[in-house]
Amino acid sequence: MAAEMFKYDIVELFPDKAWLEETLKKVDKKLHYSIQKAREVDYIPYTTENGQWKPNKIGWWTNGFWPAMMWQMYLATKDEIYREEAIRTEKMLDEALKDFKTTNHDMGFMWLIQSGVHYALEGNQDSYDRTFLAANLLAGRFNPNGFIRAWNGKEQQGWAIVDCMMNLPLLYWASDVTNDPRFRNIAIAHADSTMKNFVRADGSCNHIVIYDPMTGEVLDNPAGQGCHSGSSWSRGQAWALYGFTLSYMATGKKEYLDTAKKVAHYFISNVLDDYIPRCDFRQPEEPDVKDNAGGGAAICGLLELCKLLPQKEAAVYYDAAVKMLMAMADKCVNWEENDPGLCTMCTEAYLKPQTYHITMNYADYYFVEALTKLRGQNKLFWRPHK
Ligand code: GLY
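Within each chain, residue numbers correspond to sequence positions counted from 1 in written order. Reporting of local features is limited, given that this is a predicted model, to residues whose pLDDT is at least 70; pairs of side-chain atoms are given and counted only at 80 or more, and all residues count toward the totals for whole chains, interfaces and linings. By convention in this description, side-chain values take in all heavy atoms of the structure and omit both hydrogens and water.

## Here's the deal with the site of the ligand
Okay, step 1: Throughout, near means a residue has at least one heavy atom within 4 Å of the molecule or strand. Residues in contact with the ligand, as listed here, are Trp-61, Asp-163, Gln-225, Trp-233, Arg-235, Trp-239 and Tyr-362.
Okay, step 2: For the ligand, an oxygen atom lies 2.5 Å from a polar atom in the side chain of Arg-235.
Okay, step 3: Each polar contact in these results corresponds to two N or O atoms within 3.5 Å; when the atoms are within protein, one needs to be able to donate a hydrogen and the other to accept it, and residues that are neighboring in sequence are counted only if both atoms are side-chain atoms. The separation between an oxygen atom of the ligand and a polar side-chain atom of Trp-239 is 3.0 Å.
Okay, step 4: For every accessible area listed, the method is Shrake-Rupley and the probe measures 1.4 Å; residues are considered covered only by the protein chains on display. Relative to its unbound accessible surface of 200 Å², the ligand loses 93% to contact with the protein.
Okay, step 5: Classes in brief: Ala, Val, Leu, Ile, Met, Phe, Trp, Tyr, Cys and Pro nonpolar; Asp, Glu, Lys and Arg charged; the others, Gly included, polar. By residue class, the composition of the shell around the ligand is four nonpolar, one polar and two charged.

Below, the structure is given as structure tokens:
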């Protein structure tokens, strides 16, 4: 097959370039306001309450998304305010890295996409050191029975979660920069067991799998952030979709690409109504709980997936990604300067109704990642090489 059959040009094919430019301009304006509000507080923005950034702990797993979004916007606009804000908040995160005993598996979310990107863009040693230390801490969570331990609870030695697929790129990065395959081998072992024990035959996924930490036997799969065991937390499906795509890019293992496609088909077939994902694809009809953050991650995963496939195969993913992005911009973004959060309609967990339809910094991040990707920004923050 001719090489160009495999080149799906997501930039060239975007149907409405004026919309893209206009939307990015609106994001730029809104984020100047959001940054001004961020500088009034001494924590990193995550969500908002009563029109203000809500207090947030430095170790919270989403804290890398804010500086990462600043780097995305810096690359898009070259406005120094974004670079300064990224570096200001990268330094704040050193407190979380020092408190390493309390860190969990979310090291990629926290350091790869900002310190790793800062290093890739500017080659500074401090950012390299932060990212490499984060990779070592993540590798240290590996259980040789084939999984990375997610959290630190007294009884959670055998808990792994699908979200970790998005942290594996930190390990691939560490092997790439050191030429030491240990990190990559851990990532592959974890991805292999996730493929086997999380992804179901229909393309839906468990959020959590509890392994026996001594033997690796699967013991249970509780509801996690979805509604019940056996349900289908949409953000978890997005983590699998994007995560397996990234693992395929790093390893070339065809099974990962097939898994990403299977999850993508399942995801797309579940959003055909209005292109805004429900929090759990198997939740009851009422209440109609949405999650725009998982939607944003899925859009970016679908766009990367398109780039790996022949034209005809990619079109279905592209069409869904574009429709989801436009639905998100249309129905789930607050452009007003009355609240510093950009994207609305995000939900932490189905079983935590107090978190229904809030703002979340990573919905903002993925919205921006999708826009910049479609404008031709081709540095992939999940593979931030120089
Ligand atoms: N990684 C936790 C979440 O997606 O909410």
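From this point, the discussion proceeds with the structure in view.
## Thoughts on the side chain of Asp-339
Okay, step 1: Helix numbers and strand numbers start at the N terminus; a helix is a DSSP run of H or I with at least 4 residues, a strand a run of E with at least 2. Following the sequence through the fold, Asp-339 ends up in the loop between helix H12 (311-331) and helix H13 (361-374).
Okay, step 2: Relative accessible area decides the class of each residue, using a 1.4 Å probe on protein chains only: under 20% of the type maximum gives buried, over 50% gives exposed, and in between gives partly exposed. The charged-residue count follows a simple rule in which Lys and Arg add positive charge and Asp and Glu add negative charge, with His and chain termini not counted at all. One side-chain nitrogen of Lys or Arg within 4 Å of one carboxyl oxygen of Asp or Glu is enough to make a salt bridge. An unpaired buried charge is present at Asp-339: no salt bridge exists, and Lys-30, the closest side chain of opposite charge, is 5.5 Å distant.
Okay, step 3: Here a residue-residue contact requires only that any non-hydrogen atoms of the pair lie within 4.5 Å. With residues up to four places along the chain from it excluded, the contact list for Asp-339 reads Lys-30, Tyr-33, Thr-48, Gly-51, Asn-334 and Thr-359.

## Re the pairing of strand S6 (residues 208-211)
Okay, step 1: Alternating residues of S6 divide into Ile-208 and Ile-210 and Val-209 and Tyr-211, and every residue in both groups is buried.
Okay, step 2: In the sheet, strand S5 (residues 159-161) pairs with S6 via three bridges, with the strands oriented antiparallel. Paired with Ala-160 across the two strands is Val-209, which belongs to S6.
Okay, step 3: Note: two strands are recorded as paired if DSSP finds a minimum of 2 bridges between them. One ladder, built from two bridges, connects S6 with strand S7 (residues 218-220); its direction is antiparallel. Counterpart to Ile-210 in the pairing with S7 is Asp-220.
Okay, step 4: Where S6 folds back on S7, the antiparallel hairpin that results is connected by six residues, among which Gly-216 adopts a positive phi of roughly 85°.

## Digging into the sheet that holds S7
Okay, step 1: Taken in spatial order, the three strands make up an open sheet running S5-S6-S7, and their pairing is antiparallel. Every other strand in the sheet has two partners, leaving S5 and S7 as the edge strands with one partner each. Within the sheet, the average angular offset between the axes of one strand and its neighbour, ignoring direction, is 40°.
Okay, step 2: Against the sheet, helix H8 (residues 182-197) engages S5, S6 and S7, with an angle of about 105° to S6. For helices, the fitted line uses only the C-alpha atoms of the stretch in contact; every axis is such a line through C-alpha atoms, and the angle between N-to-C directions lies from 0 to 180 degrees.

## Notes on helix H7 (residues 168-178)
Okay, step 1: By the criterion of burial, H7 is predominantly enclosed, with eight of the eleven residues buried.
Okay, step 2: Listing the buried residues of H7 in full gives Leu-168, Pro-169, Leu-170, Leu-171, Tyr-172, Trp-173, Ala-174 and Ser-175.
Okay, step 3: Of the surrounding secondary structure, the elements contacted by the buried residues of H7 are helix H5 (107-122), helix H6 (125-139), strand S4 (147-148), H8, helix H9 (234-251) and helix H10 (254-269).

## Examining the side chain of Lys-30
Okay, step 1: Position of Lys-30 relative to the elements: it lies in helix H1 (residues 17-38).
Okay, step 2: Not counting residues up to four positions away in its chain, the partners in contact with Lys-30 are Asn-334, Trp-335, Glu-336, Asp-339, Pro-340, Gly-341 and Leu-342.

## Remarks on the packing of aromatic side chains
Okay, step 1: Stacked, tilted and edge-to-face are the three classes assigned to paired rings of Phe, Tyr and Trp, where Trp is represented by its six-membered ring and a pair needs centres within 6.5 Å; plane angles under 30 degrees give stacked, over 60 edge-to-face, the rest tilted. In the structure shown here, the tally under the stated rule is 35 aromatic pairs.
Okay, step 2: Ring geometry for Trp-53 and Trp-66: centres 5.5 Å apart, planes at 80°, overall edge-to-face. Placement of the pair is Trp-53 in strand S2 (residues 52-53) and Trp-66 in helix H2 (residues 65-77), with a sequence separation of 13 residues. You'll find Trp-53 and Trp-66 in the same group, each marked buried.
Okay, step 3: Definition used: whenever NZ (Lys) or CZ (Arg) falls within 6 Å of the ring centre and also within 35 degrees of the ring normal, the charge is taken to sit over that ring. In this arrangement the basic side chain of Lys-78 is found over the ring face of Tyr-74, its NZ or CZ atom lying 5.3 Å from the centre.

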